[in-house]
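Per-entry structural report
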Amino acid sequence: MDAAKRAMCTDDLFNPLTTTFMQSCVMLLISHFFHVVLKPLGQPGPIAQILAGLVLGPSFLSRISRVKDLFNQPNVNDYNLVISFIFRILFMFLIGLETDIPFITRNFRQASIIAYGGLTACAIFGAAITLFVIRMLIINEHKFVFAHLMMIILGSSASPVVIRLLAELKFETADVGRLAISSSLINEMSCMIWYDLVIAFTSRRMFGNGILCLLFTAINTILNRFLAIWYNRRRQNQKYLPNTDVLTILSLIIFFSFIIEEFGYNSTISCFFVGLMFPREGKTTRTLLHILTYSVNNFILPIYFGFNGFRFNISYLNNTINFIVVVMVILLSIGGKIIGTLVACHYLKIPRNEGVILAFILNLKGHGELLLIDVVPKTKSFEWWDDNFHNLVIIVVVLNTIISGPIISCILNREEKYFSHRRTSLEFDDPPSELRMLVCVYSSGHISSKIGLISALSGFPGSAVIPYLMHLVELPKKQKKKKLMYHELEDGEQFSDEDDYGGSDVHEINDAVDAITVDTKINIFRKRIISSFGSMYEEVCNKAEDFRVSIIILTFHKHQRLDGQMENGIEGIRITNQKILHHGPCSVGIFVDRGQTGFQQPTPESEQNVVTLFFGGPDDREALAWSKRIACHPQVKLTVIRFLQVPSGEQGIASNRIDEDEFLTISSSQVENALDNVLIDDFCNRYVASGQIQYREKHVSNGQETVEILKELKNLYTLIIVGKGERGFSPLTTGLSDWEECTELGNVGDLLASSEFEISASVLVIQQHRHTRNTNHLMDD
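This section reports on the structure supplied with the text.

Thresholds, definitions, all that
- Residues numbered from 1 in each chain as written.
- Predicted model: local features only at pLDDT ≥ 70, side-chain atom pairs only at ≥ 80, totals over all residues.
- Heavy atoms only, no water.
- Helix = DSSP H or I, 4+ residues; strand = E, 2+ residues; numbered from the N terminus.
- Buried < 20%, exposed > 50% of the residue type's maximum accessible area, 1.4 Å probe, protein only.
- Contact = heavy atoms within 4.5 Å.
- Salt bridge = Lys/Arg side-chain N within 4 Å of Asp/Glu carboxyl O.
- Pairing = 2+ DSSP bridges.
- Axes fitted to C-alpha atoms, helices over the stretch in contact; angles between N-to-C directions.

Following the sequence through the fold, Ile630 ends up in helix H23 (residues 618-631). A relative accessible area of 0% means that Ile630 is categorised as buried. Expressed as a C-alpha distance, the spacing of Ile630 and Ser455, which sit 175 residues apart in the sequence, is 9.0 Å. Setting aside chain neighbours within four positions, we find Ile630 in contact with Leu453, Ala456, Leu457, Val636, Leu719 and Ile721.

Our next topic: the pattern of salt bridges. Counting across every chain of the model gives 20 salt bridges. The residue Asp514 makes a salt bridge to Arg526 at a minimum N-O spacing of 3.4 Å. You can see Asp514 sitting in helix H20 (residues 503-520) and its partner Arg526 sitting in strand S3 (residues 525-531), a full 12 residues away along the chain. Residue Asp514 is classed as buried on the basis of its relative accessible area, which comes to 10%.

As a further point, take the sheet that holds strand S8 (residues 608-614). The mixed open sheet is built from 10 strands, whose spatial order is S3-S2-S1-S4-S7-S12-S11-S8-S9-S10. Of all strands in the sheet, those bounded by a partner on one side alone are S3 and strand S10 (694-700). Between one strand and the next, the sheet's axes are offset by a mean angle of 20 degrees, whatever the strand orientation. Pairing geometry for strand S9 (residues 636-645) and S10, over 7 bridges, is parallel. Note on S10: the bridge partner recorded for Arg642 is Glu697. Packing against the sheet, helix H19 (residues 447-456) makes contact with strand S1 (435-441), strand S2 (465-474), strand S4 (551-555), strand S7 (587-592), S9 and strand S11 (719-723), and its axis sits at approximately 170 degrees to S1. Helix H28 (residues 746-753) contacts S7, S8, S11 and strand S12 (762-767) of the sheet and is inclined by roughly 160 degrees relative to S11.

Moving on, we get to the pairing of S11. Extensive coverage of S11 is indicated by the burial of 5 of its 5 residues. Every second residue of S11 is oriented toward a common face, with Leu719, Ile721 and Gly723 on one face and Ile720 and Val722 on the other, all of them buried. With 4 bridges connecting them, S8 and S11 associate as parallel partners. Note on S11: the bridge partner recorded for Val610 is Leu719. Pairing of S11 with S12 involves 5 bridges; the strand directions are parallel. What sits directly across from Val722, in S12, is Val765.

This is the structure:
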């Protein structure tokens with residue numbers, strides 16, 4: 001009984017188990033204080049968390065005898081290692097689950113060259129100083145293994161630290177940030193494979209264990225894929241998986257990881273690979289992301305970073321030899337990363353300022369290096385694998401991150417305009433280029449047509465569409481709180497307040513997204529905003545800027561009744577749309593859904609006929625750019641109709657009388673006409689000449705003739721695309737604004753959306769980002 005109590009740490013209040021818990025709580029508290037102080041200075045969370053552990057550790061507070069007796073109890077390090085092991089499994093699995101596989105696939109060459117450029121330079125520097133370090137630290141055995149470890153320590157990059165730091169700086173969605181994350185993953189996995197190969201060739205037994213570890217990883221991956229698919233089918237009528245199912249999946253991952261660790265290898269690659277190969281669709285992945293994202297970002301990683309700082313002991317630097325070794329390793333690590341990364345970026349023709357930021361990001365450490373000192377091979381005893389070597393690695397890790405983190409933050413703050421959101425429109429993008437879009441819905445009734453639009457944009461081979469589906473929920477004025485304890489809630493109710501905030505809609509939206517993901521393999525990122533209509537537009541605009549999208553697709557405030565008429569909906573939706581049109585950080589589209597007769601998801605059984613109306617101007621050019629992407633889908637037939645004014649004889653004579661002074665003062669309308677002609681000519685040469693898209697021209701003299709042509713089109717197409725247009729007194733639309741009801745749609749869009757027009761097609765009205773529009777004028781002037 002006494003032995004059991006000692007094992008469970010129940011015979012003493014201040015035992016290693018409670019000490020570990022108290023240590024974690026105190027580090028979270030101190031890190032929160034540092035984060036509040038340092039965040040206004042632009043410093044991210046990982047820096048504050050490492051500093052919290054450093055303050056609590058033997059360098060500062062633990063120098064006090066009472067604090068030291070509390071936090072440095074016998075065997076407490078064993079508990080810390082176990083907790084770090086479980087934490088490492090969870091966040092590496094989550095990193096694999098969240099990895100942007102399409103981006104890495106498209107940019108694998110670039111990311112690999114950058115990753116291996118810095119790694120190669122650091123490895124060369126590490127090999128060069130190995131003899132010196134061996135003499136300084138008096139290494140007598142296994143010098144070959146030690147040399148490899150030195151090269152890995154200098155060249156490695158910690159992907160968890162990189163991902164968390166860039167997320168804190170809201171830089172993970174930028175192209176440079178995503179490239180940095182991909183490069184850090186490639187770097188870290190390569191370093192871990194390098195380490196495993198070194199260990200594998202130390203003996204025949206370790207080589208055989210390595211083969212078994214690969215087999216265990218494959219079994220773990222297959223079992224989890226099978227469980228994910230089975231749970232998705234079994235729990236079709238539930239919002240989330242129950243806790244028992246989640247525990248089963250995580251237990252399998254921890255079990256196989258523990259076996260791999262017992263065989264003398266680290267389980268980082270295994271956990272990451274299992275998450276990478278995990279099915280992305282369905283309730284299983286959604287539940288795991290819901291649980292792990294919050295816990296990892298708010299508890300696991302902060303405590304993990306805090307432990308890194310806690311293990312730092314500044315007294316190790318009192319020794320002159322140790323101080324020289326640490327300074328040398330840090331300088332060569334930073335210098336090697338800068339030189340290697342800049343050479344790689346020069347080869348890839350990446351700007352120098354982006355190369356510098358990539359170099360410092362890839363110099364962040366705090367994960368793989370700690371594995372080298374925690375996962376000791378079970379079949380070999382390295383005499384240099386002692387406290388001095390531990391302290392050397394930990395100090396290098398902590399100082400590298402503390403130095404690189406603030407530099408990255410300062411560079412991003414100083415170059416804020418350069419690294420800001422720049423792809424704010426579609427006009428100058430080609431269909432194969434990546435498209436990031438934010439689609440907003442208010443209920444499950446809006447999801448079908450929006451998914452159809454997303455599916456239509458993914459028809460071009462090799463095209464990259466990153467859609468964010470934003471569920472906008474009005475914040476209720478009063479909420480009734482459930483008076484139930486956590487253990488009294490049913491499975492799934494612990495996750496959120498969805499029953500109070502659009503619960504049934506969330507369930508239907510998730511099912512629809514899961515279905516489209518299975519059919520098209522498009523990964524749709526689901527987000528939710530709960531806000532009052534007064535501030536909802538700010539939330540949408542902020543998210544659009546954080547996600548760096550090129551266009552926002554909004555839902556029209558009117559909805560179609562069973563008799564086909566358009567009925568007014570919530571006025572708050574209309575006001576929100578108007579504010580987003582005015583304040584949006586990118587182009588904005590308003591989708592008028594006529595689900596019964598309008599646009600649907602393109603399939604071989606349901607071919608969609610789409611027409612784009614081109615009157616001229618920046619909004620119509622943006623609409624045409626959107627249309628080019630939809631036209632690439634094999635089940636979409638696109639027709640472009642350009643409206644031109646009927647030339648008159650008097651206008652032709654007047655045009656020949658322009659003198660030199662008038663020629664030098666070109667009006668803005670003439671500039672717009674020139675841009676329209678250039679775009680149409682390029683469009684015809686690339687798409688119309690090949691027969692991929694049909695093109696027609698309609699000559700009209702006034703708005704009445706325009707209306708007559710529009711009436712001829714109203715039942716021929718399922719989707720009409722048009723620019724909002726600020727056409728002023730254009731003869732092509734004269735009189736259309738006399739009965740204008742919804743100014744946010746423009747005069748043509750409002751006509752097409754009205755019930756009086758009796759049209760069967762859905763309508764998409766697009767407004768180009770105003771900043772882009774103003775920039776174009778400045779460039780032309």
